[in-house]
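Residue-level listing of the chains:
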Amino acid sequence: MPDASHGPVARQLDVAIVGGGLAGLYAIHRLRSQGLRVRAYEAGSGVGGTWFWNRYPGARCDVESLEYSYSFSDELQQEWQWPERYGTQPEILRYINHVADRFDLRRDVQLNTRIVAAVFDEAANQWLLETADGEKIEARYCVMAAGNLSTPRVPDFPGLGSFRGKWYHSGLWPHAGVDFTGLRVGVIGTGSSGVQMIPIIARQARHLHVFQRTANFSLPARNAPMDPVRERNHKAEYPARRRAAADTPFAIAGHAKPTKSALDVAEAERNAAYEAKWQEGGSISYLYAYTDLLVNKQSNDTASEFVRNKIRATVKDKRTAELLAPKDHPIGTKRLCLDTDYYETYNRPNVELIDVRSDPIAAITSTGLRTEGGQTFELDAIVFATGFDAMTGALREIDVRTSTGAVLRDHWEGGPLTYLGLMMSGFPNMFVVTGPGSPGVKTQMIASIEQHVDWIADCIGHMRREGFERIEASSQAELDWVHHVNTVADSTLYPLANSWYMGANIPGKPRVFMPYVGGFDRYKRHCDTIAARGYEGFKLSKQKTRVGP
Ligand SMILES: Cc1cc2nc3c(=O)[nH]c(=O)nc-3n(C[C@H](O)[C@H](O)[C@H](O)COP(=O)(O)OP(=O)(O)OC[C@H]3O[C@@H](n4cnc5c(N)ncnc54)[C@H](O)[C@@H]3O)c2cc1C
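Residues numbered from 1 in each chain as written. Predicted model: local features only at pLDDT ≥ 70, side-chain atom pairs only at ≥ 80, totals over all residues. Heavy atoms only, no water.

(A) Broad picture of the site of the ligand. Of all residues adjacent to the ligand, which total 33 residues, the nearest are E42, T50, D62, Y68 and M445. One nitrogen or oxygen atom from the main chain of A43 is found 3.1 Å from a nitrogen atom belonging to the ligand. Side-chain polar atom of W53 to an oxygen atom of the ligand: 3.1 Å apart, as the coordinates give it. When contributions to the shell around the ligand are tallied by element, the ones reaching two or more residues are helix 1 (22–32), helix 2 (50–53) and helix 15 (445–466). Counting residues per element, the shell around the ligand draws most heavily on helix 2, at three residues. Class assignment for the residues of the shell around the ligand results in 19 nonpolar, 10 polar and four charged. (Near = heavy atom within 4 Å. Polar contact = N/O pair within 3.5 Å; in protein donor to acceptor, adjacent residues only side chain to side chain. Helix = DSSP H or I, 4+ residues; strand = E, 2+ residues; numbered from the N terminus. Nonpolar A, V, L, I, M, F, W, Y, C, P; charged D, E, K, R; others polar.)

(B) Expanded view of helix 8 (residues 267–280). Here helix 8 contains 14 residues, and its C-alpha end-to-end distance of 20 Å stays within 8% of the 20 Å for a straight helix at 1.5 Å per residue. Following helix 8 by one or two positions, G281 adopts a phi angle in the positive range, close to 85 degrees. (Expected span 1.5 Å × (residues − 1).)

(C) Examining the layout of surface pockets more closely. Volume-wise, the second largest pocket comes out at about 450 Å³. The wall of the second largest pocket is formed by 23 residues, among which P249, F250, L294, V295 and V517 lie closest to the centre. Taken together, the residues of the lining of the second largest pocket sort by class into 15 nonpolar, six polar and two charged. (1 Å grid on protein atoms, 1.4 Å probe; cavity = no way out; pocket = protein on both sides within 12 Å on 5 of 7 lines; lining within 4 Å. Points joined across faces, edges and corners; volume = space filled by probe spheres on them.)

(D) Expanded view of the sheet that holds strand 15 (residues 376–378). Sheet architecture is open: three strands sit in the order 13-14-15, paired in antiparallel fashion. Taken across any chain shown, the strands that pair with only one partner, and hence form the sheet edges, are strand 13 (361–364) and strand 15. Pairwise comparison of adjacent strand axes, ignoring direction, gives a mean angle of 20 degrees for this sheet. Judged from the three bridges that link them, strand 14 (residues 368–371) and strand 15 form a sheet pairing that is antiparallel. When the bridges of strand 15 are listed, L369 appears paired with F377. (Pairing = 2+ DSSP bridges. Axes fitted to C-alpha atoms, helices over the stretch in contact; angles between N-to-C directions.)

(E) Up close: the nonpolar core. Formed by 131 residues in total, the largest nonpolar core has its most connected members in I17, L31, F431 and F538. I17 has contacts with G24, A27, I28, L31, V38, R39, A40, Y41, V143 and A145, leaving out every residue within four places of it along the chain. (Core = buried A, V, L, I, M, F, W, Y, C linked by side-chain atoms within 4.5 Å. Buried < 20%, exposed > 50% of the residue type's maximum accessible area, 1.4 Å probe, protein only. Contact = heavy atoms within 4.5 Å.)

(F) Main features of the packing of aromatic side chains. Summed over all chains, the structure comprises 37 aromatic pairs. With a centroid separation of 5.3 Å and an interplanar angle of 65 degrees, the aromatic rings of W80 and Y95 are classed as edge-to-face. With W80 in the loop between helix 3 (74–79) and helix 4 (89–102) and Y95 in helix 4, this residue pair connects regions lying 15 residues apart in the sequence. For W80, a relative accessible area of 8% corresponds to the buried category. Take Y95: its relative accessible area is 2%, and that puts it in the buried class. (Phe/Tyr/Trp six-rings, centres within 6.5 Å; stacked < 30°, edge-to-face > 60°.)

(G) Broad picture of the sheet that holds strand 9 (residues 207–212). Spatially, the five strands line up as an open sheet ordered 7-16-8-9-12, and their pairing is parallel. With partners counted over all chains shown, the strands left at the sheet margins are strand 7 (166–169) and strand 12 (351–355), one partner each. Going across the sheet, the axis of each strand differs from the next one's by a mean of 20 degrees, ignoring polarity.

(H) Quick look at the state of the cysteines. If you walk through the whole model with that rule in mind, you get zero disulfides. Considering cysteine sulfurs only, C459 is the nearest to C142, which forms no disulfide, with 14 Å between them. Owing to a relative accessible area of 0%, C142 belongs among the buried residues under this scheme. Take C459: it sits in no disulfide, and the sulfur closest to it among the cysteines is that of C527, at 11 Å. On the basis of relative accessibility, which here comes to 0%, the residue C459 falls in the buried class. (Disulfide = S-S within 2.5 Å.)

(I) Fine view of the environment of D74. Relative to the helices and strands, D74 resides in helix 3. Residues D74 and A176, spaced 102 residues apart in sequence, show a C-alpha to C-alpha distance of 34 Å. The contact partners of D74, leaving out residues within four places of it in the chain, are Y238 and P239.

(J) Molecular detail of the packing of helix 8 against helix 10 (residues 297–314). For the pair helix 8 and helix 10, interaxial distance at closest approach is 11 Å and the crossing angle is 60 degrees. One way to sum up the angle between helix 8 and helix 10 is to call them oblique. Like other packed secondary-structure pairs, helix 8 and helix 10 cross with a definite hand, here right-handed. Facing helix 8, whose interface residues are R270, N271, Y274, E275 and W278, helix 10 presents S299, T302, A303, F306, V307 and K310. Each residue belonging to the contact of helix 8 with helix 10 can be placed in one class, and the counts come to five nonpolar, three polar and three charged. (Parallel < 35°, antiparallel > 145°, perpendicular 65-115°, else oblique. Left-handed = near helix turned anticlockwise from the far one by under 90°.)

Don't take any of this as a statement about function, it's just geometry.
Structure representation (structure tokens):
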């Protein structure tokens, strides 16, 4: 535990921010504009978070870039030009670096600095953060902007250390890139990152083995160069479009709200609607075909089967097609992938799909990989597209505690407990951006990031104006909110999938549905109401020390 009484004098801040991705950068901008002394600490050697780390081939956003961008500055959104419908990783990183320069954010970002501990000193009423190098930082408030998908997970296969080839994780990709030309490559994992990289690696590799445990639904992205007319029209009404987006469940505008159940129309009409959405590309459009695709299994079956039939029509080898056609979860209940030629890639002679559900990977060997059933694969390179310890991983890696004995890892032992995904009871003056219990990962995330940072900044502004020293979520409000999050999830099909929303990809992680799926629009209204009612469910105190339960 850091101890303020020893070592060099700690840096004094109003707000310490953990993370220098889209959330951390906007938090600097917004909080600094209120005259606060802020500083963000970022483990990486550059800003950008997700877009700094995930440099694998084919990495790009799957929300259109005219939407997946900051809205806080109209000048910024008018002047920036996205060359394609969906920005590539290098393009998004270029954008984030532009934002850092344009708003002079870099002077308040400390790179190459990992926060390892954050301890709330009850007597001094402040957070004491410690970096991996032993630097100490004292701050009245702590804002966790450490990311939901920022803790890469390499599965614990025996023998990885003995592998004589090279291995990579999609979320820790070498900056110089990787040339797979002429190599025998194994990609493990077929989630969003796998689906994006597989078509590109297949074009380079001598042979590509794809090791699939669970098939995921993927829809065509229909990426294309930016249409200048579309861009002009969008920009002409940008503020109105942003407001319209805030009034939708996924914080994405431009899709007519569905009015009918999938079961209210004849099969031919329904399939024609799905076909139109399939041709249009994008995931929101498809899930918006009918009102009940995420709440009614029978309705969802029609949308799921349409995509399965597309896979069967595309992939020539029947066995491979059946393996690729997901049957263990309703479409949309796991993160829906967007691709360019993913299913077509399996028609290439140098690509082979291996089902590691029926015959799991037993070990990595010095020359490749072995399954429990005794199959062996000779590989020159292995790519782990195995995802992240999602939503709670980054915070659990930090030793978050209070001087009176509360420990965040213990508080979250049975699954993450938060009030609104914004604060945890027992941990005063610590805010989380898009934390578990918020709709963040189920939305266009930059909208959620801005909404959270604005709410936090307004809350701190309110406290300073009114002379409050500390704010904390009440334990009852936290319990009620977690109950509400679960009730809402249980009224949908989401819990039917073993997804990272549930922690299902991490052995031993509690199975709790983590995101709030009641919709961005409903959630934002709720957060605004809570604030307008004087921060209902939060305990605000003018004294520096704890009062009451
Ligand atoms: C491959 C991929 C594609 C995605 N595509 C989309 C998309 O199309 N649309 C969408 O809405 N969202 C997408 N996302 C989600 C994406 O994470 C968010 O959109 C957004 O980038 C999150 O920003 P953030 O700042 O909250 O977190 P991050 O970008 O994850 O940044 C968090 C930062 O905190 C740092 N950090 C963590 N712990 C510490 C510590 N202890 N000390 C110091 N620094 C720390 C990390 O190094 C990281 O740089 C995608 C995610 C991935 C992985």
